[in-house]
Amino acid sequence: MSRFSTRVERISISGIREVFEAAGEDAINLGLGQPDFPTPDNARSAAIEAIESGKTDAYTSNKGTESLREAIATKHDRDNDFSVDPENVIATSGGSEALHIAIEAHVDAGQEVVFPDPGFVSYEALTHLADGAPKPVELREDLTMAPEAVEDAITDDTAMFVVNSPANPTGAVQGETDMREFARIAEEYDVLCLSDEVYEPFVFDGDHHSPADFTDSDNVAVVNACSKAYSMTGWRLGWVTASHERIERMLRVHQYAQACASAPAQYAAEAALSGPQHRVEEMRDAFEERRDVLLDGLEGMGLDVPMPQGAFYAMPRVPDGWVDEVIDRGVVVVPGEAFGAGGAGHARISYAVDVETLKEALEVMRDATAAVR
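The rules behind these values
- Residues numbered from 1 in each chain as written.
- Predicted model: local features only at pLDDT ≥ 70, side-chain atom pairs only at ≥ 80, totals over all residues.
- Heavy atoms only, no water.
- Buried < 20%, exposed > 50% of the residue type's maximum accessible area, 1.4 Å probe, protein only.
- Helix = DSSP H or I, 4+ residues; strand = E, 2+ residues; numbered from the N terminus.
- Pairing = 2+ DSSP bridges.
- Expected span 1.5 Å × (residues − 1).
- Contact = heavy atoms within 4.5 Å.
- Patch = residues over 30% accessible without salt bridge, like charges linked within 9 Å, V, L, I, M, F, W, Y side chains within 5 Å.
- Areas by Shrake-Rupley, 256 points an atom, 1.4 Å probe, with all protein chains shown as cover.
- Salt bridge = Lys/Arg side-chain N within 4 Å of Asp/Glu carboxyl O.
- Core = buried A, V, L, I, M, F, W, Y, C linked by side-chain atoms within 4.5 Å.
- Axes fitted to C-alpha atoms, helices over the stretch in contact; angles between N-to-C directions.
- Parallel < 35°, antiparallel > 145°, perpendicular 65-115°, else oblique.
- Nonpolar A, V, L, I, M, F, W, Y, C, P; charged D, E, K, R; others polar.

J.: Honestly, the pairing of strand E7 (residues 220–225) in this entry has me stumped. Any pointers?
T.: The two faces of the sheet receive side chains in turn, since in a regular strand these alternate between them. For E7, the buried fraction is high: 6 of the 6 residues fall into the buried class. Where burial is concerned, the two faces of E7 agree: the one with Val220, Val222 and Asn224 and the one with Ala221, Val223 and Ala225 are both buried. Sheet topology note: the strand E6 (residues 192–196)/E7 ladder contains 4 bridges and is parallel. Bridge pairing in E7 links Leu194 to Ala221. Where E7 lies against strand E8 (residues 238–241), 4 bridges are found, and the strand directions are antiparallel. From the neighbouring strand, Val223 faces E8, where its bridge partner is Val240.

J.: I would appreciate a short explanation of helix H4 (residues 66–79) in the present structure.
T.: An α-helix turns once per 3.6 residues; consequently, residues spaced three or four apart project the same way. The end-to-end C-alpha distance of H4 is 20 Å, a good match for the 20 Å that 14 residues give at a rise of 1.5 Å each. Three or more residues of H4 are buried, namely Leu68, Arg69, Ala71, Ile72, Ala73, Lys75 and His76. Looking at the buried side of H4, the elements it contacts are strand E2 (89–92), E7, E8 and helix H10 (263–274).

J.: Help me out: how do you make sense of a nonpolar patch on the surface in this one?
T.: A contiguous nonpolar surface patch, about 390 Å² in accessible area, is contributed by Met1, Phe4 and Val8. Here Val8 is to be found in helix H1 (residues 6–9).

J.: What am I meant to see in the sheet that holds strand E12 (residues 347–350) here?
T.: Sheets are built from strands paired through backbone hydrogen bonds, the pairs being either parallel or antiparallel. Reading across the sheet, the 3 strands line up as E9-E12-E11 and stay open at both edges, with antiparallel pairing between neighbours. A strand with exactly one partner marks an edge of an open sheet, and here the two such strands are strand E9 (313–314) and strand E11 (334–335). Relative to E12, E11 runs antiparallel, the two being bridged by 2 bridges. Paired with Val334 across the two strands is Arg348, which belongs to E12.

J.: Can you walk me through the nonpolar core in this structure?
T.: Considering soluble globular proteins, one finds that nonpolar side chains tend to be buried as a cluster. Within the largest apolar cluster, 112 residues are counted, with the highest numbers of intra-cluster contacts made by Leu30, Phe161, Trp322, Val333 and Met365. Ignoring sequence-local partners within four residues, the contact set of Leu30 consists of Val331, Val332, Val333, Arg348, Ile349, Ser350, Val353, Leu358, Ala361 and Met365.

J.: Even after reading the chapter, I still don't get the packing of helix H5 (residues 94–106) against helix H9 (residues 244–257), so can you show me in this structure?
T.: A pair of packed helices can be characterised by two numbers: the angle between their axes and the separation between those axes. The geometry of H5 relative to H9 is characterised by a closest axis approach of 8 Å and an angle of 110° between their N-to-C directions. Considered as vectors, H5 and H9 are oriented roughly perpendicular to each other. Contact residues: Glu97, Ile101, Ala102, Glu104, Ala105 and His106 in H5; Arg246, Arg249, Met250, Val253 and His254 in H9. For the contact of H5 with H9, the class distribution of residues is 5 nonpolar, 2 polar and 4 charged.

Scope: geometric values only; no functional claims are made or implied.
In structure tokens:
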């Protein structure tokens, strides 16, 4: 057999998947990173109509349909403090592809990518696939990423740093002051700030901010998606927006790896972005209620839980053996080290389940906590 590339040998199957496979069929799954709500009806209907009318039979533009990119631009005008040109948007196969093409287009062999630790598992893996050098940075006690830690990590070999707010796996939300600093760092050091904002709608305390709010330079690229906001993880529709020069380079990767995002998903996403937004608000309210139930339960059993201000995850500090004990008793949680060395001693818990299921899981966790202490 021929040899495999060094790049692919540096990565492995996500530890999250290993946990899922080890769990029993009847386990309560608090490991999933997807909402437990249906995709909005108008999005489903738009996809069906596009399929039945034949609109989805052919490739779209590499960047995505013009109407979808206009809907994305309108969304940013509506929800954010920055505007984008529809010509500077690429519709991608989920936020994951957007991250991939951004890293591929900007990282040369050996160049560094700075990202939070613990952080989303794709940041390190995609850096390796680009033959770059991962450079994780430790988080604050509240699990936010300090701008000064990023600034200290930057060297002449740094190509980019990644900001993720609200964050997976921590649920942490970066404040306005931090985002201003990230924008300043990107401009001052002339490195790309890649801002992963796929959990944007789910902020419970305060407001969502983006580094793109605070700069006119071309050193910020923003990744977003319909996956979480509209419960469309299976539709695989995200996007990246940046300056014209950066988008044109990312497009070179996208057109050969993907050609275009799925046409039915593009029409569904356009409808979701352009239609009523009350479903997103209802999801946010439900997640906030569940967060409070989870925090009360975890703190009631004596665990230290940095306050998650967004997304739908909590990352308590847990005793040795806690994760295995919880899984053995029938509740799936993810060990913190699956998200980087900085996650050791933590567990990621998703509260994308109904309140009654969450309460049932908390009873199991309470017994597990008593067993390992």
